[in-house]
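# Architecture at a glance
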Amino acid sequence: MSGLGERPIRLLIADDHPVVRDGLSGMFAADPDFEVAGEAGDGSQALRLADALRPDVILMDLRMP
């Protein structure tokens, strides 16, 4: 997709486990079709970042504070 001049998909990663966030962030950072716009460690932070960053997709753990 990025080779066609389209912008990458902007992601917000939300998970309360830092290792999971780091792994997902690293995986998506290696793909030019994605841009990790931000990372959140809890639901409140995810809401604030979603409002501020306006990502295309929020990848969120459903079982977190």
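In this report, the structure presented in the accompanying data block is examined. The numbers attached to residues start from 1 for each chain and follow its sequence in the written order. Predicted model: local features are reported for residues with pLDDT of at least 70 only, side-chain atom pairs are reported and counted for 80 or more only, and whole-chain, interface and lining totals are derived from all residues. Based on all heavy atoms of the structure, the side-chain values leave hydrogens and waters out of the count.

## Things to note about the pattern of salt bridges
Definition used for salt bridges: Asp or Glu carboxyl oxygen within 4 Å of a side-chain nitrogen of Lys or Arg. On inspection of all chains with the given rule, the structure shows 4 salt bridges. Across the pair R10 and E35 runs a salt bridge whose closest N-O atoms are separated by 3.8 Å. Residue R10 is located in strand β1 (residues 9–14), and its partner E35 is located in strand β2 (residues 34–40); the two are separated by 25 residues in the primary sequence. A relative accessible area of 35% means that E35 is categorised as partly exposed. Measuring nitrogen to oxygen at the nearest pair gives 3.8 Å for the salt bridge that ties E39 to R21. Of this pair, E39 sits in strand β2 while R21 sits in helix α1 (residues 18–29), and the two are 18 residues apart along the sequence. Here E39 falls in the partly exposed class, since its relative accessible area comes to 31%. Only protein chains enter the accessibility calculation, which uses a 1.4 Å probe; a residue whose area is less than 20% of its type maximum is buried, one above 50% is exposed, and one in between is partly exposed. Residue classification places R21 among the buried positions, given a relative accessible area of 16%. Helix and strand assignments come from DSSP, with helices taken as H or I runs of at least 4 residues and strands as E runs of at least 2, each series counted from the N terminus.

## Notes on the environment of G26
Relative to the helices and strands, G26 is located in helix α1. A relative accessible area of 43% places G26 in the partly exposed class. Linking G26 and V36, residues 10 residues apart in sequence, is a C-alpha distance of 9.1 Å.

## Some words on the pairing of β1
Most of β1 sits out of view: 5 of its 6 residues are buried. When DSSP locates at least two bridges between a pair of strands, those strands are taken to pair. Sheet analysis places β1 next to β2, joined by 6 bridges and oriented parallel. If you follow L11 over to β2, its bridge partner there is V36. Here a crossover is taken to be right-handed if, once the strands point away from the viewer, the path from the first strand over the helix to the second is traced clockwise. Following the backbone out of β1, through α1 and into the adjacent parallel β2, one traces a crossover that is right-handed. Where β1 and strand β3 (residues 57–60) come together, 4 bridges link them in parallel fashion. Among the inter-strand pairings, L12 is bridged to a residue of β3, identified as I58.

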